Amino acid sequence: MSLMGSRETAALASQTEATIEKRRRPREPRVKEKAYRTKGSADILKPSLGGLIGKYVLLLAILVIMVYPFVWQLSTSFKGNAEDIYSFPPSLIPSEFTWNHYSEVFRTIPVLDYARNSLLVGVGTVITNVVFATLGGYALGCLKFRGKGIVMAIFFSTLLLPGEVTLTSQYLTVKSLGLANTLWGVFLPGAIAAINVLLMAAACRMIPADTLDAATIDGANTIQRLRHIVWPNIRGMVSVVALFAFIGSWDEFLWPLVVLSDPANYTLTVGMDYLNSNFGANPRVIAAGTMIALVPIIILFAVLQKQFFKGVEEGSVKG
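K.L.:
I'd like a description of the overall build of the chain, backed by residues and values.
P.N.:
Counting secondary structure elements, the chain contains 13 helices and zero strands. Within the chain, buried positions represent 31% of all 319 residues.

K.L.:
If you had to explain the packing of aromatic side chains to someone new, which residues and values would you point to?
P.N.:
Overall, the coordinates contain eight aromatic pairs when judged by the stated rule. Relative to Trp-250, the ring of Phe-246 has its centre 5.7 Å away and its plane inclined at 25°; by these criteria the two rings are stacked. Of this pair, Phe-246 and Trp-250 both sit in helix α10 (residues 222-251), four residues apart, roughly one helical turn. An identical accessibility class is assigned to Phe-246 and Trp-250; each is buried.

K.L.:
Now, about the pattern of salt bridges: what can you tell me, with residues and values included?
P.N.:
Scanning the model with the defined rule gives two salt bridges in all. Note that Glu-104 is salt-bridged to Arg-107, the shortest N-O span being 2.6 Å. Here Glu-104 pairs with Arg-107, and both are found in helix α3 (residues 100-108), just three residues apart, close to one helical turn. The exposure class of Arg-107 is exposed, given its relative accessible area of 58%.

K.L.:
Explain the environment of Phe-244 to me, and be specific about the residues and the numbers.
P.N.:
Residue placement: Phe-244 occurs in helix α10. Sequence separation of Phe-244 and Val-126 is 118 residues, and the distance between their C-alpha atoms is 8.6 Å.

K.L.:
How would you summarise the nonpolar core if you had to cite specific residues and measurements?
P.N.:
In terms of nonpolar packing, the biggest core is built from 44 residues, with Val-105, Ile-109, Met-200, Val-230, Ile-234, Leu-268 and Met-272 touching the most fellow members. The greatest single-element share of this core, amounting to twelve residues, is contributed by α10. Once residues lying within four places of it in the same chain are set aside, the contact partners of Leu-268 are Val-111, Tyr-114, Ala-115, Ser-118, Trp-250 and Ala-293. Membership of the second largest hydrophobic core comes to ten residues, among which are Val-174, Leu-183, Ala-191 and Trp-255.

K.L.:
Provide a residue-level description of helix α8 (residues 194-205), including the pertinent values.
P.N.:
If you check α8, its first and last C-alpha atoms are 16 Å apart, about what twelve residues at 1.5 Å a residue would give, namely 16 Å. Residues of α8 that are buried: Ala-194, Asn-196, Val-197, Leu-198, Met-200, Ala-201, Ala-203 and Cys-204. Those residues of α8 that are buried are in contact with α4 (111-142), α5 (148-158) and α10.

K.L.:
Can you explain the environment of Leu-243? Please cite residues and give values.
P.N.:
Assignment of secondary structure puts Leu-243 in helix α10. Overall, Leu-243 belongs to the buried group, its relative accessible area being 1%. Separated by 61 residues in the primary sequence, Leu-243 and Leu-304 have C-alpha atoms spaced 7.8 Å apart.

K.L.:
Got a sec to walk through the environment of Leu-92? Specific residues and values, please.
P.N.:
Along the chain, Leu-92 falls in the loop between α2 (49-77) and α3. Taking the C-alpha atoms as reference, Leu-92 lies 7.9 Å from Thr-76; in sequence the two are 16 residues apart.

K.L.:
Give a description of the packing of α4 against α10 that names residues and reports values.
P.N.:
Contact geometry for α4 and α10: axes closest at 8 Å, N-to-C directions at 145°. In the crossing of α4 with α10, the sense of the turn from one axis to the other is right-handed. For the contact of α4 with α10, the per-class residue count stands at 18 nonpolar, seven polar and one charged.

K.L.:
So what about the state of the cysteines? Which residues, and what values?
P.N.:
Within the structure shown, the criterion is met by zero disulfides. For the unlinked cysteine Cys-142, the closest cysteine sulfur is that of Cys-204, found at 4.6 Å.

K.L.:
Residue-level account of the side chain of Ser-118, with values.
P.N.:
Tracing the backbone shows Ser-118 in helix α4. There is a polar contact of 2.7 Å between the side chain of Ser-118 and the backbone nitrogen of Leu-268. Setting aside its immediate chain neighbours within four residues, Ser-118 contacts Trp-250, Thr-267 and Leu-268.

K.L.:
Account for unusual backbone geometry, with residues named and values stated.
P.N.:
Non-glycine residue Asn-181 carries a positive phi angle of around 65°. Here Asn-181 lies in the loop between α6 (167-176) and α7 (183-187). A residue is classified by how much of its surface remains accessible, and Asn-181, at 23% relative accessible area, is partly exposed.

Rules used in this analysis
- Residues numbered from 1 in each chain as written.
- Predicted model: local features only at pLDDT ≥ 70, side-chain atom pairs only at ≥ 80, totals over all residues.
- Heavy atoms only, no water.
- Helix = DSSP H or I, 4+ residues; strand = E, 2+ residues; numbered from the N terminus.
- Buried < 20%, exposed > 50% of the residue type's maximum accessible area, 1.4 Å probe, protein only.
- Phe/Tyr/Trp six-rings, centres within 6.5 Å; stacked < 30°, edge-to-face > 60°.
- Salt bridge = Lys/Arg side-chain N within 4 Å of Asp/Glu carboxyl O.
- Core = buried A, V, L, I, M, F, W, Y, C linked by side-chain atoms within 4.5 Å.
- Contact = heavy atoms within 4.5 Å.
- Expected span 1.5 Å × (residues − 1).
- Axes fitted to C-alpha atoms, helices over the stretch in contact; angles between N-to-C directions.
- Left-handed = near helix turned anticlockwise from the far one by under 90°.
- Nonpolar A, V, L, I, M, F, W, Y, C, P; charged D, E, K, R; others polar.
- Disulfide = S-S within 2.5 Å.
- Polar contact = N/O pair within 3.5 Å; in protein donor to acceptor, adjacent residues only side chain to side chain.

Printed below as a string of structure tokens:
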């Protein structure tokens, strides 16, 4: 026992000395890899220094173009009535900070009631688009049937028509169903979008056919294949479809304006237009109403941004 103990002690001492010696050795300097291609380098995947600078300049310009109107609108909503909002160069930091314009919006229109109507339409649109687009995408992407090319051509052709072309026919259809001036009438035309079906079809097409065939041989029915094979592979794209469907429904203005006549059924975007007609001389109140309408979209995107970018990345890689 003493011999075994001495051997273990000697081994532990040797290991300790080796560890100490390793720590005493000077560390080799870590070579930092450059983000651009140096002169004479064969790495064509990296941009040159000029290309890298140009890329970031272009990204900065796009960022300013896209973000600046939002920042200016947000700043305007907090500026006092005596402050000039059209000065140049514009001042984005209010010198007379106030919340009165937001209070004026809530006093003028029933914001919460209009937001509830928009939320009902938006949630319903998300549910129907996710369910029906998934089923349609599975049929177009995974199944083989006669006339599949014609169906795909019809879906693609609907993308060529602007919404204003079919506005009259949609209204006559909704009116004939007795759904004019109701939230059902607002919801029905957007219950399923052709672009969402095509997106889901592209995602389903990436699922290996051998996997679905093996599941069929094992006795899996359509519901089981959808639940255990298709759904886990398209969840990223589902989040993209859900986000696009909600944003499109929440921001829709022309169709609710046409189909609704009772102010009690107004959605938030139509209700906010009342501010434009009654407070045309005060763009600060209009800016405050715009910011209120944007809050749900910002919250939703902040919650789903991880799933959204994951779905976009999966679609770009697989497609």
